[in-house]
Amino acid sequence: RPKEPVFMPKGDEKKAFEVPADYLSDKYKNIGSQVTSRFGEEASSQIKVSRISIPPLGEILELARSENFSLFIPKHRRIAGKLIDIFLGMRNVDDLLAVAVYTRDRVNPYLFNYCLSVAILHRPDTQDLDVPSIIRSFPDKYIDSKVFGEAREDANVVPVGSRVPIEIPKDYTASDLEEEHRLAYFREDIGLNLHHWHWHLVYPFEGTRVVVDKNRRGELFYYMHQQIIARYNFERLCNKMKRTERFINWDEEIKEAYFPKLDSLVASRAWPSRVGNQKLQNIRREVDGINIDVDDLKRWRDRIFAAIHSGVAQGRDGNIPLTENEGIDVLGNMVEASILSPNQELYGDLHNMGHVLLSYIHDPDHRHLESFAVIGDSATAMRDPIFYRWHAYIDDMFQEFKQALPRYTEAQLDNPGVTVKDIQIETQGSKPNTLQTFWQQSDVDMSRGMDFQPRGSVFIRFTHLQHRPFSYKIQVVSNKAREGTCRIFLSPKFDERGNPWLMRDQRLMFIELDKFKVNLKQGQNTITRNSNQSSVTIPFERTYRDLDTSRPQGGEALAQFNFCGCGWPANLLIPKGTPEGFPCQLFVMISNIADDQVQQTITGECNDSYSYCGLKDKLYPDRRSMGYPFDRTPRSGAETLQQFLTPNMRVQDVNLVFENKTYRPKGSI
Ligand code: CUO
């Protein structure tokens, strides 16, 4: 069994809680003293938990401790909302600790972990507490189930100093006979799935308004997932595959299969697989409180398209126009759907319920007593190829709206007086304008998520994509001293047939690499920027590490640190490329600061992955529509990228070379 999540600062494993006797769950009541002494022996100090009157848990207890938990299931969401409210409603940290200790042994462990994480992220008095990385609490959501047997063996037989990392093979979920398996390195990247889990933790779609109502969250839902699709399609092209097909016909068989080979340690069950050629079915699952038809999805879809085409949403209390700049935010909340949807009775819960229908495709009426598949959990959803087909469909709805917007005029793109003269990528040991990728192995300690004696570190070693660090060197001439925003994107140069793109298609292929403010002086300027400064990514260590090992000190910094577990994993900043070199186009633009700038003070150190994750408790720090300048259909006459360019933009051909070699880990995390 996994050790259940314990929210204690790391390094404090020697501390024990002194718990009021009646807090112990029934299971432990009669053996309370033995339980206490088992863990108490190791403890150097005790934390006294106060005895408070615990609010009734009611429905929260209906999700058994051994079941799986998914935010996409309305009943689970509802009870999560209740538990979050209980945690948020506690008067102070002592009371929060008391109720957390009380609930920990009673409620479902995944539910508990999620709700307490949300509460810690949002309570003003817990900003100096760490949220442990989910990979340490529940490694079973990320790692081949075989590993745990080996780990248990190691922990029992091999002394701590002599353990060698347990290696997860790079190809364990399928063979090369399955074409989709070429993308497994991306879909199953641990950091990528951690990012997605973290994003949804930071932007929940249900709960009290304080937790949900964040600046431009609907638009960010659209943009972050649009970029996932663009990046996935980029990787597909690198692997000589065409772009992913939208899952548009919901009566058609789904050809993609997926066998996750993950075991839920909490539920003691394997995550269900999906064989090829399954069809969506109506769901009747009393146990989960889900009664939903494929036709429900179709009705919601049609109503959403009606809103897009009329430019107006029917709100609960009157019409809401889908305006040029804010319409996408309304639409994001409507499609997802979040509680900020203008009218959930009418527009339903399309995207979330799509996840649900897909996740129960193998047992729609619960006759086999099976739980949901990986697509039903934000921690695991990105592993399955169907995730991308579903989100390609969702993105297409957003693009339908974007296409109807007025096109950017040259004046809205240009920055008069600013000319980008030259761009160069410099990678150590490579020719100019070459990006270099390769396989790298890393070791991560899994012992926190496993409860067996004797303890001690148990490392797993996994293989992931990586790129050599590089820098951009950008030459800009300005006719006066000014500020500007430098926006950097990358796109494949050719489509899957090897033809140059039309701009209306290529605009959807641009992946954001970086965005930052520049101070230009009058005349010639050289801007140098390193790849590890990207506004898209977080450093590799932060994705995996328990956030306390190298953390900055002080409450403010820590709060930022928790939030910034959200961020694209740095190892996937650059797509894989090909051994012979994959031709790409690097796009750089210096936009006019007058239309970019958001007036606010940004404090704290961790504001380094705002492109996909925003800033904690702040406005999204770029006033333009997310994805600018590629979020709209190009103006007429700009059929190709070259024709699209204004003087403040420039494109450079870049060669993306993959070295098929695996580098051993330098150190462990
Ligand atoms: Cu992130 Cu569908 O929204 O998984």
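Just above, that's the structure.
This report concerns the structure included in the present document.

### What about the nonpolar core?
Turning to step 1, where the next piece is worked out: Judged by nonpolar contacts, the single largest core of 149 residues is most densely connected at Phe87, Leu111, Ile143 and Phe587.
Turning to step 2, where the next piece is worked out: When sequence neighbours within four positions are dropped, the list of residues in contact with Ile143 reads Ile135, Phe148, Ile168, Tyr172, Ile190, Leu262, Met446 and Ile460.
Turning to step 3, where the next piece is worked out: Within the second largest apolar cluster, 33 residues are counted, among which are Ala230, Ile425, Leu520 and Leu656.

### With respect to the state of the cysteines
Turning to step 1, where the next piece is worked out: Tallying each qualifying case throughout the model produces one disulfide.
Turning to step 2, where the next piece is worked out: Cysteine Cys238 remains unbridged, with the sulfur of Cys584 as its closest cysteine sulfur at 6.4 Å.

### A short note on the packing of aromatic side chains
Note on aromatic pairs: each is described by the distance of the centres and the angle between the planes.
Turning to step 1, where the next piece is worked out: Applying the stated criterion across every chain, the model contains 34 aromatic pairs.
Turning to step 2, where the next piece is worked out: Taking the centre distance of 6.4 Å and the plane angle of 50° together, the rings of Trp199 and Phe221 count as tilted. Residue Trp199 is located in helix H9 (residues 190-202), and its partner Phe221 is located in helix H11 (residues 217-238); the two are separated by 22 residues in the primary sequence. Phe221 matches Trp199 in its accessibility class, with the two residues each being buried.

### A look at the environment of Pro492
Turning to step 1, where the next piece is worked out: Along the polypeptide, Pro492 turns up in strand E14 (residues 482-492).
Turning to step 2, where the next piece is worked out: The sequence separation of Pro492 and Gln506 amounts to 14 residues, and the corresponding C-alpha distance is 8.3 Å.

### Some details on the pattern of salt bridges
Turning to step 1, where the next piece is worked out: All chains considered together, the criterion is met by 46 salt bridges.
Turning to step 2, where the next piece is worked out: Put simply, Glu245 and Lys255 hold a salt bridge, and the shortest N to O gap is 3.7 Å. Remark: Lys255 occurs in the loop between H11 and strand E4 (263-264) and Glu245 occurs in the loop between H11 and E4; sequence separation between them is 10 residues.
Turning to step 3, where the next piece is worked out: Note on Glu245: relative accessible area 38%, which makes it partly exposed.
Turning to step 4, where the next piece is worked out: Connected through shared salt-bridge partners, Arg487, Lys515, Asp595, Asp596, Asp622 and Arg624 make up one network.

### Observations concerning the packing of helix H13 (residues 327-336) against helix H16 (residues 385-403)
Turning to step 1, where the next piece is worked out: Contact geometry for H13 and H16: axes closest at 11 Å, N-to-C directions at 155°. One element, H13, and the other, H16, form an angle in the roughly antiparallel class. The crossing of H13 and H16 is right-handed. Side by side, H13 and H16 meet where Gly327, Ile328, Leu331, Gly332 and Val335 of the first sit next to Ile394, Met397, Phe398, Phe401 and Lys402 of the second.
Turning to step 2, where the next piece is worked out: By residue class, the composition of the contact of H13 with H16 is seven nonpolar, two polar and one charged.

### Description of the sheet that holds strand E15 (residues 511-520)
Turning to step 1, where the next piece is worked out: Read across the sheet, seven strands follow the order E3-E12-E11-E20-E19-E14-E15 without closing on themselves; strand pairing throughout is mixed. Each edge of the open sheet carries a strand with a single partner, namely strand E3 (166-167) and E15.
Turning to step 2, where the next piece is worked out: Strand direction decides the pairing type here: strand E11 (residues 434-445) and strand E12 (residues 459-467), joined by nine bridges, are antiparallel. Counted as the bridge partner of Gln440 is His464 from E12.

Quick notes on the rules
Residues numbered from 1 in each chain as written. Predicted model: local features only at pLDDT ≥ 70, side-chain atom pairs only at ≥ 80, totals over all residues. Heavy atoms only, no water. Core = buried A, V, L, I, M, F, W, Y, C linked by side-chain atoms within 4.5 Å. Buried < 20%, exposed > 50% of the residue type's maximum accessible area, 1.4 Å probe, protein only. Contact = heavy atoms within 4.5 Å. Disulfide = S-S within 2.5 Å. Phe/Tyr/Trp six-rings, centres within 6.5 Å; stacked < 30°, edge-to-face > 60°. Helix = DSSP H or I, 4+ residues; strand = E, 2+ residues; numbered from the N terminus. Salt bridge = Lys/Arg side-chain N within 4 Å of Asp/Glu carboxyl O. Axes fitted to C-alpha atoms, helices over the stretch in contact; angles between N-to-C directions. Parallel < 35°, antiparallel > 145°, perpendicular 65-115°, else oblique. Left-handed = near helix turned anticlockwise from the far one by under 90°. Nonpolar A, V, L, I, M, F, W, Y, C, P; charged D, E, K, R; others polar. Pairing = 2+ DSSP bridges.

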